[in-house]
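Geometric and topological summary
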Amino acid sequence: MSIRSVAKKDFLDVRRSKSVWIVSGLYALLVVSFFYLGQSGPTEPNVAYQLSYLTSIGQLFIPIIALMMVYLAIAGERESGSIRYLLSLPNTRRDIVLGKYLSRGAVGASVILAAFGVGAVTAILWYPSLDPTVFAGVAGLTVLLTLAYVSVAIGISAATGSRSRAMAGSIGFYFVSTLMMLVPSFSIVAALKYVLNGRLELGLSDHLFEFLRMLSPTIAFRKAFPLVVPSDVETFMANVDPSAPAYLAPEVALAILVAWLVVPAVFGLWQFNRADLG
């Protein structure tokens, strides 16, 4: 076997999962609901604004979708012992990690693109105009966010040896990177700012703390949003600060988001190579 063979087999296994179909249907329903409700808003229906509102909600749920879909990819097989069968075939540990990353990433991306495809049809039917460039840009960013959390989940799954630890690691990462980062004044970074500036009186720049918050894949996704939406929408939704330093630019946020596609999976592979599978 090879990376391609592992990915193909795993893709077929995941495709038969009922939870994947349920999650896919729920996310597509969420997309349709946002476009349907947006028709009766206080202002003229605008696809770009509805996409912005959709991603505001989606950034809470997409990490859950990706983590739930992936966290047992390797840890589950390690706990059951079936990982030894895979390794008894002409597979390396790298083949298993990368193969599963590719298959789960393909499933996650397919879920998002299918939902946005349904959204595009409803937008054409219900809205006066549809800018395909904006729609494709938001869909592409959303796929990147999904793949970032697939990489995180693969890294956690490869680095842990049991279902319980993989689940705990995934839940913990979601809380730290998403729930405890979304609101600036109540985030982990805000607590760090209170200690360093409020208690120790170091006088560090607010922009530095905002950069630390942007290291979260969820926040990087949000900060990269101005790259794909009109200027009036980006100002309203992303709270763009014209005086912000270059390291807070949307391009930097995009680079951080792309880095999340690679670094966690590489770390997981490194840990997996060091593990004693007994």
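Keep in mind that what you see is a predicted model, and the values were worked out from it rather than measured.

Thresholds applied
Residues numbered from 1 in each chain as written. Predicted model: local features only at pLDDT ≥ 70, side-chain atom pairs only at ≥ 80, totals over all residues. Heavy atoms only, no water. Helix = DSSP H or I, 4+ residues; strand = E, 2+ residues; numbered from the N terminus. Rg over C-alpha atoms; globule rule 2.2 N^0.38 Å. Expected span 1.5 Å × (residues − 1). Buried < 20%, exposed > 50% of the residue type's maximum accessible area, 1.4 Å probe, protein only. UniProt positions renumbered as here; feature names shortened; annotations may be inferred. Patch = residues over 30% accessible without salt bridge, like charges linked within 9 Å, V, L, I, M, F, W, Y side chains within 5 Å. Areas by Shrake-Rupley, 256 points an atom, 1.4 Å probe, with all protein chains shown as cover. Salt bridge = Lys/Arg side-chain N within 4 Å of Asp/Glu carboxyl O. Arc of directions from axis to C-beta. Contact = heavy atoms within 4.5 Å.

Moving on to the overall build of the protein chain. The number of helices and strands found in the protein chain is 14 helices and 0 strands. Counting helices and strands in the order they occur from the N terminus, the protein chain gives α-α-α-α-α-α-α-α-α-α-α-α-α-α. Whereas a compact globule of 278 residues would reach a radius of gyration of roughly 19 Å, the protein chain reaches 20 Å, a difference of no more than 12%. Taken over the C-alpha atoms alone, the protein chain extends approximately 60 × 55 × 25 Å along its principal axes.

Helix length check: helix α7 (residues 132-159), at 28 residues, gives a terminal C-alpha distance of 40 Å against a target of 40 Å (1.5 Å per residue), a fit within 8%. Within α7, 23 of the 28 residues are buried, which leaves it mostly tucked inside the rest of the structure.

A separate point is the UniProt feature "transmembrane region" (unreviewed entry) in the protein chain. The residues that UniProt annotates with the feature "transmembrane region" (unreviewed entry) are residues 20-39, 51-74, 101-127, 133-159, 171-196 and 252-272. Between the end C-alpha atoms of residues 20-39 there is a gap of 30 Å, over a span that is 95% helix and 0% strand. Taken end to end, residues 252-272 is 90% helix and 0% strand, and its two terminal C-alpha atoms sit 30 Å from one another.

Our focus in this paragraph is a nonpolar patch on the surface. On the surface, M167, I171, F175, V176, L179, M180 and I188 cluster together to form a nonpolar patch covering roughly 570 Å² of accessible area. At 5 residues, helix α8 (residues 163-179) tops the list of elements feeding residues into the nonpolar patch. Relative to the helices and strands, M180 is located in the loop between α8 and α9 (188-199).

Listed as buried for helix α10 (residues 206-214) are F209, E210, R213 and M214. Projected onto a plane normal to the axis of α10, the buried residues spread over an arc of 150° and lie on a single side. Its buried side turned inward, α10 meets α9, α11 (217-223) and α13 (250-260).

For E201, which is not glycine, the phi dihedral falls at a positive 55°. Counting through the fold element by element, E201 comes out in the loop between α9 and α10. Here E201 falls in the exposed class, since its relative accessible area comes to 63%.

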